[in-house]
Amino acid sequence: MIDDTFDEFFDPNGEIRHDVRLVVSALDALGRDEFRARMRLAEATFLRGGITFSVYGDEQGADRVFPFDLIPRTIGAAEWATLARGLEQRVRALDAFLNDIYHRQRIVRARVIPRWLVEGASGWVRQARGVMPPGGRYIHIAGIDLVRQPDGEFAVLEDNVRTPSGVSYVLENRAVMKRVFPRIFRNARVQPVDEYPMRLRDALLSVAPSRRRPRVVILTPGIFNSAYFEHAFLARRMGCELVQGADLFVDHDRVFVKTTRGPMPVEVIYRRVDDAFLDPTVFRPDSLLGVPGLWRAYAAGNVTLANAIGNGVADDKAVYPYVPKMIKYYLGEEPLLRQVETFICARKGHRSHVLEHMAKLVVKATDAAGGYGMLIGPQATKAERRAMAARIGDNPRGYIAQPLLELSTCPAWIRNSMAPRRVDLRPYVVSGKDTWVLPGGLTRVALRRGSYVVNSSQGGGSKDTWVLGGTSA
Amino acid sequence: MIARVAEQCFWMARYLERVENTARQIQVNVSFLLDADLPELTHWRPMLLVAGELDHFVARFGEPAADRGDRVQDYMVWDDQNPVSLQTSLRSARDNARTIRETISLEMWVGLNSFWLWFHDREAQQIFRRDPHAFYEEIRETCGHLAGTTQDTMLHDEAFDFMRLGTLLERAGQVCRMLDIKYHALGPTSQLPESPAEAAQWLAILRSCSASEAFFKRMSVSPRGPVVAGFLLFEPDFPRSVMHCLTRAWHFMRRIRPSDSLIGQRSTTLMQNLLRTLRATSIERMLERGLHLELDRIVSRVAEISEAIALDYFSPETPIRSESA
């Protein structure tokens, strides 16, 4: 165990936690050789299935298997129920915020959150003011990153309400685990995750612009996108078509897909293309991934885009500290999930604190995701910190800082034995007319010893996440 | 279905068919040399000709290499600058499959992906060096499995129809090209009986088309030039004859083409004309007119049909048609 962290399997006395007892003893009973054999089976399954991600700049054999750790991360039923309520509450508040900020802006006028902070977000899309997405829904798919703190409480690390990825690994990991550990799996009564694609499709259909049989498509940037596997996976499992920008066109503010029988109307687009690339006539003119005229079709209410355009203002890291206030303001409720203390560099007082204590803080770009543009103060060199200080000086709105968090640990299989490795958790929240939380989510694990970085590009892997005590398995 | 996806289904199937064809041709060549105890000379060059790669090959490796089995095999199997090598065709098939992963069945994807992984594995290289026959056999078997998996796991919808169409057009073209080159390499035989070497060569042509068993079941004569050519062109029940391939392709074209619409008119008309021409002729008539010219004409008509399919279905004009406005 690592000192001063929470371990998912063992309590501070080294005793196995109650919730995971069954799983640990079943794994233990397998023995080392058998475990190794099943590990090989899992790896072969991933490779054969092409369950891979691309690494940019790697031409030959561009796909790699996402490293997978066979020891499941487990969460008790009661604890999960509390978490799910908190997640649902949070997404409800963020959706209300987007609705408000692109229309009446009551929260700004009530001075709960400053206007400059909102409209200064790089994800703010001024054209989206006054445009109501079909069904009034902004956040159809949210991925909320959580970490467990040393006292055992979960805290939100960041929100992802633009194009959160990773859910395909949750489903594939589960399929592999069922195959590799059939008996353990059955006995543990793990809550199922398989219904995600159907839930997502139902949610999207529930907010389609009124039509009899709406056509749903998934818009992908193409096979060179690192998450292409996921786009194809979801299309297959949702039974909808996977399209690229050039497959679509807009005529009289309606979207059509080019088919072998001529153009056919499209009503719902689950787009995995960023806002800036969606429509070259309105956003980035050099984008080849988007569809000219899509914006007008959207603004006319003729197409549902999931997620909505302009959501980046809600998962901006400098807006994040205000989410508890949003929950109180819009819902009149107390926030159920904890947050992490955050310093906003755009605020003078905060900025000087950040510059002074950078060696103890983690500095993040406000509009980035996936660990990009991040500086881990305690591990950075003096020169790196100086460079970051300069960047903050140039663009204070672009950065925030947080204390270095102790992620919880979970046993992982490292070179033939178990060793504690840091993990986080990304649950997924799907909303149309109603909201549904996928039981569990993606557990990412920093497989390198001592590492805090769980991103796959930097030695991170994933684990299956078992929410125990489900009604069916 | 989405036009681009239809195009990729069509091409994925074509590339896979090409993989199988190429592997079979090389395999037959390898064993033919053993059977007939012939010098390597003159038996590898036609393969490059069929593939349309003789000029490129000679430019890169020189004239003498074209008669060397090892050099030609390396080129036809592993060379990634060769547009019709097994490596290139398999990669193209897999790239297309990857882009239409949501369309093909999971079983097909896993099968094709595993094939690709195997081909790039050291094991495949070792088999190739140690036992070429087994190497080509493995490839052909895998292609057979994939064809069966496609048939049995894909929804038999438009995507499937486009795949079949791709397979059949590719196959028809390949059979014509092979027949053309071999026939001319041997020359039309008039005197009987043929020498043992000639007989062996006709048998090899049948084998290159997986046709020898079918031939002996259907025909009671020995495999001589005109009979073999006639069988490969016209036997309606043989799944690799040109007539069979085109008749089946026509079946799938009719399935694809929407009724009461102008869509698909170009390709339909061309195919109808070609079938009419073929039904009105015979191997004797074709030999009279010169087999090379006749085969060449079929190959270019098949290519025209492919182009017409692309125009009809893969690059539809964007103006809205009345029914969808």
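### What about the sheet that holds strand S8 (residues 248-251) of chain A?
All names here are of chain A.
And step 1. With antiparallel pairing, 3 strands are arranged side by side in an open sheet as S8-S9-S10. Only two strands of the sheet have a single neighbouring strand rather than two, namely S8 and strand S10 (262-265). Going across the sheet, the axis of each strand differs from the next one's by a mean of 40°, ignoring polarity.
And step 2. Pairing between strand S9 (residues 254-259) and S10: 4 bridges, direction antiparallel. Following the sheet pairing, Lys258 is matched in S10 by Pro263.

### Describing the domain arrangement of chain A
Residue and element names in this part refer to chain A.
And step 1. For chain A, the assigned domains read domain 1 (1-124 + 141-193 + 424-473) and domain 2 (341-404).
And step 2. Between the C-alpha centres of domain 1 and domain 2 the distance comes to 26 Å.
And step 3. With 14 residues of domain 1 at the interface, the matching set in domain 2 holds 14 residues.
And step 4. Of the roughly 1,100 Å² buried where domain 1 meets domain 2, counting both sides, 49% is carbon and sulfur surface.
And step 5. Our count for the contact surface shared by domain 1 and domain 2 stands at 0 salt bridges.
And step 6. In this structure, the connection of domain 1 to domain 2 is made through 3 residue pairs in polar contact (both at pLDDT 80 or more).

### Comments concerning the interface of chain A and chain B
And step 1. On the side of chain B, 37 residues touch chain A, which itself brings 31 residues to the contact.
And step 2. Taken together, both faces of the contact between chain A and chain B bury some 2,800 Å²; the carbon and sulfur share is 52%.
And step 3. A per-residue breakdown of the area chain A buries against chain B is headed by Arg236(A), Thr260(A) and Arg261(A), which together make up 26% of the total.
And step 4. Here chain A and chain B share 1 salt bridge between them.
And step 5. Arg4(B) is the partner of Asp247(A) in a salt bridge, and the nearest nitrogen-oxygen pair spans 2.6 Å.
And step 6. Here chain A and chain B share 9 residue pairs in polar contact (both at pLDDT 80 or more) between them.
And step 7. The set of elements that each furnish at least two residues to the side of chain A that touches chain B consists of helix H2 (32-48), helix H9 (228-238), strand S7 (241-243), S8, S9 and S10 of chain A.

Scoring rules and cut-offs
Counting restarts for each chain: residues are numbered from 1 in the order of the written sequence. Here chains are named by letter from A upward and ligands by number from 1 upward, in the order in which they appear as written. Given that the model is predicted, a residue must reach a pLDDT of at least 70 before its local features are reported, and side-chain atom pairs must reach 80 or more before they are shown or counted; all residues, however, enter totals for whole chains, interfaces and linings. Side-chain numbers here rest on the full set of heavy atoms in the structure, without hydrogens or water. Strand pairing is assigned whenever DSSP detects at least two bridges linking the two strands. Only DSSP runs of H or I with at least four residues qualify as helices, and only runs of E with at least two residues qualify as strands; both kinds are numbered from the N terminus onward. Each axis is a line fitted through C-alpha atoms, and for a helix only the stretch in contact is used; angles between axes span 0 to 180 degrees, taken between their N-to-C directions. Segmentation of the chain into domains, including their bounds, is taken from an automatic or database domain assignment. Residue contacts follow a heavy-atom distance rule, with two residues in contact if any of their heavy atoms lie within 4.5 Å. Buried area counts how much accessible surface, traced with a 1.4 Å probe, disappears from two parts once they are put together, with both parts' losses summed. Salt-bridge detection follows one rule: a side-chain nitrogen of Lys or Arg within 4 Å of a carboxyl oxygen of Asp or Glu. Two N or O atoms form a polar contact when they lie within 3.5 Å of each other; inside protein one atom must be a possible hydrogen donor and the other a possible acceptor, and for residues adjacent in sequence the pair counts only when both atoms belong to side chains.

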